[in-house]
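Listed here are the chains, written in short residue letters.
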Amino acid sequence: MKVLVIGGGAREHALCRSLSLDPDVTALHCAPGNAGIAEVAELHGVNALDGAAVADLAAGLQADLVVVGPEAPLVAGVADAVRERGIPVFGPSAEAAQLEGSKAFAKDVMAAAAVPTARSYVCTTPAEIDEALDAFGAPYVVKDDGLAAGKGVVVTEDVEAARAHALACDRVVIEEFLDGPEVSLFAITDGESVVPLQPAQDFKRAYDGDQGPNTGGMGAYSPLPWADPKLVDEVMATVLQPTVDELHRRGTPFSGLLYAGLAITSRGVRVIEFNARFGDPETQVVLARLQTPLGGLLLAAATGNLAALPPLRWRDDAAVTVVIASHNYPDTPRTGDPIEGLADVVAQDAPDAYVLHAGTRRDDSGAVLSAGGRVLSVTATGADLTTARQRAYRAVGRISLDGSQHRTDIAAKVADQAAEATETRGA
Ligand code: AMP
Ligand code: GLY
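What you see is a predicted model, and the numbers here were worked out from it, not measured in a lab.

Rules used in this analysis
Residues numbered from 1 in each chain as written. Chains lettered and ligands numbered in written order. Predicted model: local features only at pLDDT ≥ 70, side-chain atom pairs only at ≥ 80, totals over all residues. Heavy atoms only, no water. Pairing = 2+ DSSP bridges. Helix = DSSP H or I, 4+ residues; strand = E, 2+ residues; numbered from the N terminus. Contact = heavy atoms within 4.5 Å. Axes fitted to C-alpha atoms, helices over the stretch in contact; angles between N-to-C directions. Near = heavy atom within 4 Å. Polar contact = N/O pair within 3.5 Å; in protein donor to acceptor, adjacent residues only side chain to side chain. Areas by Shrake-Rupley, 256 points an atom, 1.4 Å probe, with all protein chains shown as cover. Nonpolar A, V, L, I, M, F, W, Y, C, P; charged D, E, K, R; others polar. Phe/Tyr/Trp six-rings, centres within 6.5 Å; stacked < 30°, edge-to-face > 60°. Buried < 20%, exposed > 50% of the residue type's maximum accessible area, 1.4 Å probe, protein only. Right-handed = clockwise from strand over helix to strand, strands pointing away.

Draft legend 1. Just the sheet that holds strand β3 (residues 42–43), in detail. Taken in spatial order, the 5 strands line up as β3-β2-β1-β4-β5 in an open sheet, and their pairing is parallel. Where the open sheet ends on each side, the last strands, each with one partner, are β3 and β5 (89–90). Where strand β1 (residues 2–7) meets strand β4 (residues 65–68), 4 bridges bridge the pair, whose relative direction is parallel. Residue pairing for β4: V3 is matched across the bridge by L65. The strands touched by helix α1 (residues 10–20) are β1, β2 (27–32) and β4; relative to β1, the strand with the most contacts, the crossing angle is about 170°. Against the sheet, helix α2 (residues 51–60) engages β1, β2 and β4, with an angle of about 160° to β1.

As structure tokens, this is what we get:
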């Protein structure tokens, strides 16, 4: 099968890496891609937001499957344009992608499907904003209604900061604060059948100790040894299947990847947000553990054949990924800095650790330069989280990028807890 992947971040590099390892994938293309993806796929300089251009490219390549990675092309209707040409596409329609594109739409679907989530108000005037902030009290949770690449949400104790963010948005969702650890659970769906992947945890804040501003995600790990083994079944029954059923009932079925961002609160599981695509950086760790070939799975979802697919197979390994971000991320990231040490990781750490590229490009001399806020996602596997974590950080240590930043505590707490639990059992 010939596959075309749309996008150019670390998530798309992870997708391309897994697709390149699938024996059924005979040709792999990506648009626009990045310097790392160029090593496993042929790149095409097509604007990912232009549905007609993407459909033309897919038709020209005789692609059997198009996989749309990021949210912006999905919300812009790129999957619709490809589907209209009769080419199977992994990714929801523009209408169904509103589950991510509009927080207010997502709240409406959840209310209709009785999916547990934070109580919320949708506000458009200063008076409504003040009323909502008063009603919930601190900590305040204020979300821009539209797409904001993980940066439209402000969680703060400071009512003035909450009000200022709310006033800067056209339409804003103000909601109840949810306490408790967060889990990202992805499900593959064809609009009717739903197949959950393994849960992962993301680190959203920019700095160690969960300090600093929200980002797109600074690192992730999977599995979650602390999570209830029944979590996936519970979320399937209370969140994923009801949401897919509700969109089907509305005549706008959701096919592709449904991402549930969850809070495990003292009162039970609550949805924090939905995304309409694979999460980044969680995908890097989830796909590192998936044994089932990816191409067949995505094609089954794109063609409505998920029900016939055998159960997914998973490696026993744990996986950790650490994001290296550029100077000043997430504010105004500096780009164009040279990245050194990539070959050392290949020479010394492969296959246990490898670098997935996010914002990178090659200059005329062939040097790899930073080209975005999140630059690299250094991913490693191991028999347990401690080993995977050590391998990831060892590889991070070989890379140099002037002014770059990364968190040093990705999966630190969970690895320690898991190691202690093993010791206690052994004693
Ligand atoms: P979102 O873009 O909706 O995922 O929000 C980004 C991050 O803000 C989440 O991953 C949480 O860490 C935090 N957040 C969002 N909504 C809430 C909430 N209701 N309660 C507590 N934290 C939240
Ligand atoms: N890592 C969070 C996201 O992909 O939205």
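That covers the picture; the talk isn't over yet.
Draft legend 2. Spotlight on the site of ligand 1. In the region of ligand 1, 14 residues are neighbours, and E175, L178, E182, K204 and E273 sit closest. Contacts to ligand 1 include L178, whose backbone N or O atom sits 2.7 Å from a nitrogen atom. The contact in question runs from an oxygen atom of ligand 1 to an N or O atom on the side chain of E182, over 2.4 Å. Protein coverage of the free-state accessible area of ligand 1, which is 470 Å², stands at 93%. Of all the secondary-structure elements, those providing two or more residues to the shell around ligand 1 are β7 (140–144), β8 (153–156) and β17 (268–275). Among the residues forming the shell around ligand 1, the class breakdown is 6 nonpolar, 1 polar and 7 charged.

Draft legend 3. Highlighting the packing of aromatic side chains. Under the definition given, this model contains 5 aromatic pairs. Pairing Y121 with F136 gives two aromatic rings, centres 5.5 Å apart and planes at 40°, and the pair type is tilted. Remark: F136 occurs in helix α7 (residues 126–136) and Y121 occurs in strand β6 (residues 120–123); sequence separation between them is 15 residues. A ring pair is formed by F203 and Y221, whose centres lie 6.1 Å apart and whose planes are at 50°; its orientation type is tilted. Within this pair, whereas F203 is found in the loop between β12 (201–202) and β13 (205–207), its partner Y221 is found in strand β15 (residues 219–222), the two being separated by 18 residues in sequence.

Draft legend 4. Summary view of unusual backbone geometry. Backbone torsion omega between S222 and P223 reads 0°, so that peptide bond is classified as cis. Cis rather than trans, the peptide bond between Y329 and P330 has omega equal to 5°. Counting through the fold element by element, P330 comes out in the loop between β18 (318–325) and β19 (339–340). For A114, which is not glycine, the phi torsion reads 55° and is therefore positive. With respect to the helices, strands and loops of the structure, A114 is situated in the loop between α6 (103–113) and β6. Residue class for A114 comes out exposed when judged on its relative accessible area of 64%. Phi is positive for A411, which is not a glycine, with a value near 60°. Within the element layout of this structure, A411 appears in the loop between β24 (400–401) and α14 (412–426).

Draft legend 5. Expanded view of the site of ligand 2. Near ligand 2 you find D202, K204, G216, Y259, N275, R277, G279, D280, P281 and E282, and these make up its full shell. Contact distances for ligand 2 include 2.8 Å between a nitrogen atom and a backbone N or O atom of D280. Calculation on ligand 2 without its partners gives an accessible area of 200 Å², and the protein chains cover 93% of this total. Split into classes, the residues belonging to the shell around ligand 2 amount to 2 nonpolar, 3 polar and 5 charged.

Draft legend 6. Focus on the pairing of β2. Here β1 runs beside β2; their pairing, made up of 6 bridges, is parallel. When the sheet's bridge partners are listed, L4 is paired in β2 with H29. With α1 bridging β1 and its parallel neighbour β2, the resulting β-α-β unit is right-handed. Pairing of β2 with β3 involves 2 bridges; the strand directions are parallel. Bridging from a neighbouring strand, H29 pairs with E42 of β3.

Draft legend 7. Spatial organisation of the sheet that holds strand β20 (residues 353–357). Taken together, the 5 strands give an open sheet; going across it, the order is β12-β15-β18-β23-β20, and neighbouring strands pair in antiparallel fashion. For this open sheet the edge positions go to β12 and β20, each flanked by a neighbour on one side alone. Sheet analysis places β15 next to β18, joined by 4 bridges and oriented antiparallel. From the neighbouring strand, G219 faces β18, where its bridge partner is V322. Sheet strands in contact with α1 are β20 and β23 (374–382), and its direction is about 125° off that of β20. Against the sheet, helix α13 (residues 385–397) makes contact with β15, β18, β20 and β23, and its axis sits at roughly 30° relative to β18, the strand it touches most.

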